[in-house]
Amino acid sequence: AVVSTQSTGYYIVSRDVHDPIKPPSGKFPRGYNGPCGYVFFPALDGSVKLAYVVNVDLKLPLVPQKVINSNLVDVVHGFHIALRNRIDDHLEAKRRLSRGQHLG
């Protein structure tokens, strides 16, 4: 993964790699992650906006890519809801600690 800071925001990008230590196995299909990542950029209201770029080919010959893409939207959406909940929990815990409250 590469993290870059630009005047317009922050970028975290990655892509798949092929390593001889873990060669492909005929037992499992190997998907392909093209360049993908997150872009965080400041909004005018002081919040931070998040864009997620995903580029995945699961290489499942019996499942059309159109079906994978339509379901991937739900998976990515669910991931981001869980991420948002975790961030909210973390921020609430920090607020409680700063007020001297216990987290129990």
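A brief report on the enclosed structure follows. Treat the numbers as computed from the prediction; the structure is a model and nothing was measured. (Residues numbered from 1 in each chain as written. Predicted model: local features only at pLDDT ≥ 70, side-chain atom pairs only at ≥ 80, totals over all residues. Heavy atoms only, no water.)

The next thing to look at is the packing of aromatic side chains. By the definition in use, this model includes 2 aromatic pairs. Measuring from centroid to centroid gives 4.6 Å for Tyr38 and Tyr52, while their planes differ by 35 degrees, and the two rings are tilted. Placement of Tyr38 in strand E4 (residues 36-42) and of Tyr52 in strand E5 (residues 48-53) is noted, with a sequence separation of 14 residues between them. The exposure class of Tyr38 is buried, given its relative accessible area of 18%. Members of the aromatic cluster, connected to one another through ring pairs, are Tyr38, Phe40 and Tyr52. (Phe/Tyr/Trp six-rings, centres within 6.5 Å; stacked < 30°, edge-to-face > 60°. Helix = DSSP H or I, 4+ residues; strand = E, 2+ residues; numbered from the N terminus. Buried < 20%, exposed > 50% of the residue type's maximum accessible area, 1.4 Å probe, protein only.)

What follows deals with a nonpolar patch on the surface. A contiguous nonpolar surface patch, about 380 Å² in accessible area, is contributed by Leu50, Phe79, Leu83, Ile87 and Leu91. If you trace the backbone, Phe79 turns up in helix H1 (residues 65-98). Owing to a relative accessible area of 42%, Phe79 belongs among the partly exposed residues under this scheme. (Patch = residues over 30% accessible without salt bridge, like charges linked within 9 Å, V, L, I, M, F, W, Y side chains within 5 Å. Areas by Shrake-Rupley, 256 points an atom, 1.4 Å probe, with all protein chains shown as cover. Salt bridge = Lys/Arg side-chain N within 4 Å of Asp/Glu carboxyl O.)

The pairing of strand E2 (residues 9-14) with E4 spans 5 bridges and is antiparallel. Residue pairing for E4: Val13 is matched across the bridge by Gly37. Inspection of the sheet shows E4 paired to E5 by 6 bridges, in the antiparallel sense. By the bridge assignment, Gly37 is partnered in E5 with Val53. Counting the residues between successive antiparallel strands, the hairpin from E4 to E5 contains 5 residues, one of them, Gly46, with a positive phi of roughly 95 degrees. (Pairing = 2+ DSSP bridges.)

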